[in-house]
Amino acid sequence: NAGVTQTPKFRILKIGQSMTLQCAQDMNHNYMYWYRQDPGMGLKLIYYSVGAGITDKGEVPNGYNVSRSTTEDFPLRLELAAPSQTSVYFCASRGLAGGREQYFGPGTRLTVT
Amino acid sequence: GNSVTQMEGPVTLSEEAFLTINCTYTATGYPSLFWYVQYPGEGLQLLLKATKADDKGSNKGFEATYRKETTSFHLEKGSVQVSDSAVYFCARGDSGGSNYKLTFGKGTLLTVNP
């Protein structure tokens, strides 16, 4: 199994551009999450989803949108990129059973200039 | 609310030294507790977990015990290696209706020198 995959690995955007960060998991997990990681700040939850068709805001949703049309995919959309969105973005997923741990993708490093 | 506090880094040790990284959490119910590790340039990997009081999680020589009385989940390793250099995150599962979410500490950078 590939687990959680993310593309791209790196991206540089100009201010005002838009892009979609892709996330997919092949573990049939119901729950999926998007985090951003800023230096020295740990992880902050942007959006999450408890199943296909259901999404909700986390701590820092402003400037982002998500959709969950399938169980496997959970893309994160940046509509008008701003320098404050320079960060490393991690997608994660979790199943219904088990010990509630989340499984993380390798991350996307985004720079907005 | 839910919070996790872990010791500030960076922590620098020599190989074979003893490691402790402190972690405390706010207590609402009986949350699951986790330690994640992030090696340079990679995503977070689950290192160990504990799901109830007095449970001890262990993996790769690391241990942490769920202490309800002190609301702590300190990470320990008896003899660190250079390959343990990474950022370590303590996390707690949220409770009640939000029990599918995790709250993370800010992370502790560990550097082990040969």
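Cut-off values and rules
Residues numbered from 1 in each chain as written. Chains lettered and ligands numbered in written order. Predicted model: local features only at pLDDT ≥ 70, side-chain atom pairs only at ≥ 80, totals over all residues. Heavy atoms only, no water. Helix = DSSP H or I, 4+ residues; strand = E, 2+ residues; numbered from the N terminus. Rg over C-alpha atoms; globule rule 2.2 N^0.38 Å. Buried < 20%, exposed > 50% of the residue type's maximum accessible area, 1.4 Å probe, protein only. Contact = heavy atoms within 4.5 Å. Areas by Shrake-Rupley, 256 points an atom, 1.4 Å probe, with all protein chains shown as cover. Pairing = 2+ DSSP bridges. Axes fitted to C-alpha atoms, helices over the stretch in contact; angles between N-to-C directions. 1 Å grid on protein atoms, 1.4 Å probe; cavity = no way out; pocket = protein on both sides within 12 Å on 5 of 7 lines; lining within 4 Å. Points joined across faces, edges and corners; volume = space filled by probe spheres on them. Nonpolar A, V, L, I, M, F, W, Y, C, P; charged D, E, K, R; others polar. Polar contact = N/O pair within 3.5 Å; in protein donor to acceptor, adjacent residues only side chain to side chain. Core = buried A, V, L, I, M, F, W, Y, C linked by side-chain atoms within 4.5 Å. Disulfide = S-S within 2.5 Å.

Explain the overall build of chain A to me, please; I cannot follow it from the model alone.
Looking only at helices and strands, chain A features zero helices and eleven strands. Sequence-ordered secondary structure for chain A, helices as α and strands as β, is β-β-β-β-β-β-β-β-β-β-β. The globule rule puts the C-alpha radius of gyration for 113 residues at 13 Å, and the 13 Å found for chain A is close to it. Structurally, chain A occupies a C-alpha span of about 40 × 30 × 25 Å along its principal axes. Residues counted as buried form 46% of the 113 residues belonging to chain A. Of all intrachain contacts in chain A linking residues separated by at least 6 positions in sequence, the fraction that spans at least 24 positions is 54%. Accessible surface, chain A as shown: approximately 5,400 Å² in total, 51% of it carbon and sulfur.

Even after reading the chapter, I still don't get the sheet that holds strand E7 (residues 64-66) of chain A, so can you show me in this structure?
Two strands in a sheet stick together by hydrogen bonds in their backbones, pointing the same way (parallel) or opposite ways (antiparallel). Residues and elements named next belong to chain A. Strand order in the open sheet formed by four strands is E1-E3-E8-E7, with antiparallel pairing between adjacent strands. Pairing within the sheet leaves two strands with one partner each, and these edge strands are strand E1 (4-7) and E7. Averaged over all pairs of adjacent strands, the angle between strand axes in this sheet comes to 20 degrees, irrespective of strand direction. Bridging between E7 and strand E8 (residues 76-78) involves three bridges; their strand directions are antiparallel. Considered in E8, the bridge of asparagine 65 is made with arginine 77.

I would appreciate a short explanation of the layout of surface pockets in the present structure.
Leftover empty space is mapped by rolling, across the atoms, a probe with the size of a water molecule. Its boundaries defined by the atoms lining it, the largest pocket holds a volume of some 790 Å³. Forming the walls of the largest pocket are 38 residues, and the residues nearest its centre are Gln37 and Pro39 of chain A together with Gln38, Val87 and Phe89 of chain B. Every element with two or more residues in the lining of the largest pocket is listed here: strand E9 (87-94) and strand E11 (108-112) of chain A together with strand E1 (4-6), strand E10 (86-93) and strand E12 (108-113) of chain B. Residues of the lining of the largest pocket, tallied by class, amount to 16 nonpolar, 16 polar and six charged. Reported here for the second largest pocket is a volume of approximately 270 Å³. Around the second largest pocket, the lining comprises 17 residues; the ones closest to its centre are Leu43, Lys44 and Glu59 of chain A together with Thr103 and Phe104 of chain B.

Explain the sheet that holds strand E7 (residues 56-59) of chain B here, please?
All names here are of chain B. Spatially, four strands are ordered E3-E9-E8-E7 in an open sheet, and the strand pairing comes out antiparallel. The open sheet has two edge strands with one neighbour each: strand E3 (19-21) and E7. Strand-to-strand twist in this sheet, taken as the mean axis angle between neighbours without regard to direction, amounts to 15 degrees.

In this structure, what is going on with the side chain of threonine 108 of chain B? I would like to understand it.
Residues and elements named next belong to chain B. Of note, threonine 108 is situated in strand E12. Of the residues examined, threonine 108 reaches a relative accessible area of 0% and is grouped as buried. At 2.9 Å, the side chain of threonine 108 forms a polar contact with the side chain of glutamine 6. Not counting residues up to four positions away in its chain, the partners in contact with threonine 108 are Gln6, Met7, Gly9, Val11, Ile21, Ala86, Val87 and Tyr88.

Explain the nonpolar core to me, please; I cannot follow it from the model alone.
Taken as a class, soluble globular proteins show a tendency for nonpolar side chains to be buried jointly. By size, the foremost hydrophobic cluster in this structure holds 25 residues, and its most contacted members are Leu19, Trp35, Leu47, Leu48, Phe73, Leu75 and Tyr88 of chain B. Counting residues in each nonpolar core, the second largest holds 19 residues, with Leu13, Tyr47, Leu78 and Tyr89 of chain A among its members.

Can you walk me through the state of the cysteines in this structure?
In protein chemistry, a disulfide is the covalent bond that joins the sulfur atoms of two cysteines. Taken as a whole and assessed by the stated rule, the structure comprises two disulfides over all chains. At a sulfur-sulfur separation of 1.8 Å, the disulfide partner of cysteine 23 of chain A is cysteine 91 of chain A. Linking cysteine 23 of chain A and cysteine 91 of chain A, the disulfide has an S-S dihedral of approximately -70 degrees and is accordingly described as left-handed. Taken together, the residues span a long stretch of sequence, with cysteine 23 of chain A in strand E3 (residues 19-25) and cysteine 91 of chain A in strand E9 at a distance of 68 residues. The residues cysteine 23 of chain A and cysteine 91 of chain A share a single accessibility class, namely buried. Disulfide pairing places cysteine 23 of chain B opposite cysteine 90 of chain B at an S-S distance of 1.9 Å.

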